[in-house]
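The primary structure of each chain is shown beneath.
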Amino acid sequence: MTTIQREGETDLAGRLAFVRAGIAEAAAANSRPLDEITLIVVTKFHPAGLVRELMDLGVTDFGESRHQEAREKVAELAGTPAAWHFIGQLQGKKAKQVAAYASVIHSLDRPSLADLLSAADVRPTAGPTDVFLQVNLTDDTGRGGVVPGGARELAEYVEALPGLRLRGVMGVAPLGEEPRFAFERLRAVSELVTQSVPRASAISAGMSHDYSEAIAEGATHLRIGSAITGIRAVAG
Ligand SMILES: *Cc1c(COP(=O)(O)O)cnc(C)c1O
């Protein structure tokens, strides 16, 4: 495959094409079918207009990490086919509001949050909320995510609740470590989780700089921001 564009020198369409080609290349190198990999474009710090441009380019899945910002964009884009993935740390008091617009929540990391998201009045008309268990891949237990050793128990807890559909595990590779090693650990956690919940085999992993390594370790949902959106505008 020839890739004619270099990263950073093109417009939005060019950057998206560059990343899509990179995903296809990594999938082929690892003998993985492309259709089992979902690209979520992370649009945090970018306006609704950019989301519209991306929809014109065929993107349907968008990631946001802050409720305040996401809520405004979602409202502006009501009636469009955009599907919203919430990928940031989620406070209990925001859980209900986020569940009202997010079709997928990637950052479920504790039973109390599962209880709140499961509550019957959270999504009165839509179906269950799809969730990923965020796994802490760092040594710092103060970071977001369930510790790897606690993931299976949390998966069983979530699976027993109404209103939630467990999709799999999510992780962010820590800085200062070869990302492939971190994604290897995430894959091991995924294997434990699927022993309890066989259907929950999805893996949300891989960002702008490490998506190839994530694909090599089985990622099914990539969360890619800056490589596609370019330099972020100042948050406002
Ligand atoms: C911002 C963010 C991403 C995207 O990061 P890029 O480096 O811009 O691709 C992915 N996952 C999470 C949890 C994020 O907060």
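Residues numbered from 1 in each chain as written. Predicted model: local features only at pLDDT ≥ 70, side-chain atom pairs only at ≥ 80, totals over all residues. Heavy atoms only, no water.

1. Side note on helix H5 (residues 111–118)
Item 1. Among the residues of H5, those classed as buried are Leu113, Ala114, Leu117 and Ser118. Here the buried residues of H5 occupy an arc of 130 degrees about the axis, which is enough to place them on one side.
Item 2. Where H5 is buried, its residues meet helix H4 (95–101), strand E4 (104–108), helix H6 (151–159) and strand E6 (164–170). (Buried < 20%, exposed > 50% of the residue type's maximum accessible area, 1.4 Å probe, protein only. Helix = DSSP H or I, 4+ residues; strand = E, 2+ residues; numbered from the N terminus. Arc of directions from axis to C-beta. Contact = heavy atoms within 4.5 Å.)

2. Some details on the pattern of salt bridges
Item 1. Tallied over the full model, the rule gives 12 salt bridges.
Item 2. One salt bridge connects Arg199 with Glu159, and the closest N-O pair in it is separated by 2.4 Å. Within this pair, whereas Arg199 is found in the loop between helix H7 (179–196) and strand E7 (202–204), its partner Glu159 is found in helix H6, the two being separated by 40 residues in sequence.
Item 3. On the basis of relative accessible area, Arg199 is assigned to the partly exposed category, the value being 45%. (Salt bridge = Lys/Arg side-chain N within 4 Å of Asp/Glu carboxyl O.)

3. Topic: the packing of aromatic side chains
Item 1. The final tally for this structure, using the stated rule, is 1 aromatic pair.
Item 2. Look at Phe62 and Trp84: their rings are 5.8 Å apart centre to centre, the planes differ by 40 degrees, and that puts the pair in the tilted class. Here the residue Phe62 occupies a position in strand E2 (residues 61–64), and Trp84 occupies one in strand E3 (residues 83–86), the gap between them amounting to 22 residues.
Item 3. Judged by relative accessible area, Trp84 falls into the buried class, the value being 6%. (Phe/Tyr/Trp six-rings, centres within 6.5 Å; stacked < 30°, edge-to-face > 60°.)

4. A look at the pairing of strand E1 (residues 38–42)
Item 1. Most of E1 is tucked away: 4 of the 5 residues are buried.
Item 2. Alignment of E1 against strand E8 (residues 221–224), held across 4 bridges, turns out to be parallel. Residue Val41 lies in a different strand from E8, and its bridge partner there is Ile224.
Item 3. As defined by bridge partners, E1 adjoins E2 across 2 bridges and the pair is classed as parallel. Bridge pairing in E2 places Val41 opposite Phe62.
Item 4. Following the backbone out of E1, through helix H2 (residues 48–56) and into the adjacent parallel E2, one traces a crossover that is right-handed. (Pairing = 2+ DSSP bridges. Right-handed = clockwise from strand over helix to strand, strands pointing away.)

5. Here we look at the environment of Ala70
Item 1. Position of Ala70 relative to the elements: it lies in helix H3 (residues 67–76).
Item 2. The spacing of Ala70 and His106 is 36 residues in sequence and 14 Å in space, taken between C-alpha atoms.
Item 3. Apart from the residues within four sequence positions on either side, Ala70 is in contact with Glu64 and Tyr101.

6. Considering the confidence of the model for the protein
Item 1. Overall, the predicted model of the protein reaches an average pLDDT of 93, with 91% of residues at or above 70.
Item 2. Within the protein, H4 has the poorest average pLDDT of any element, 93, and E7 the best, 99. (pLDDT = per-residue confidence, 0-100.)

7. Let's talk about the packing of H5 against H6
Item 1. Contact geometry of H5 with H6 gives a least axis separation of 10 Å together with a crossing angle of 20 degrees. The angle between H5 and H6 falls in the class roughly parallel. The way H5 lies across H6 gives a crossing that is right-handed. Residues Pro111, Ala114 and Asp115 of H5 form the contact with H6, whose participating residues are Leu154, Tyr157 and Val158.
Item 2. Across the contact of H5 with H6, the residue classes tally to 5 nonpolar, no polar and 1 charged. (Axes fitted to C-alpha atoms, helices over the stretch in contact; angles between N-to-C directions. Parallel < 35°, antiparallel > 145°, perpendicular 65-115°, else oblique. Left-handed = near helix turned anticlockwise from the far one by under 90°. Nonpolar A, V, L, I, M, F, W, Y, C, P; charged D, E, K, R; others polar.)

8. Here we look at the pairing of E4
Item 1. Among the 5 residues in E4, 5 count as buried, and that is most of the element.
Item 2. When E3 meets E4, the two strands line up parallel, connected through 2 bridges. Opposite Phe86, over in E4, you have Ile105 as the bridge partner.
Item 3. Remark: the E3/H4/E4 crossover connection has right-handed handedness.
Item 4. As paired elements, E4 and strand E5 (residues 129–134) share 3 bridges and run parallel to each other. The partner of Ile105 across the bridge, within E5, is Val131.

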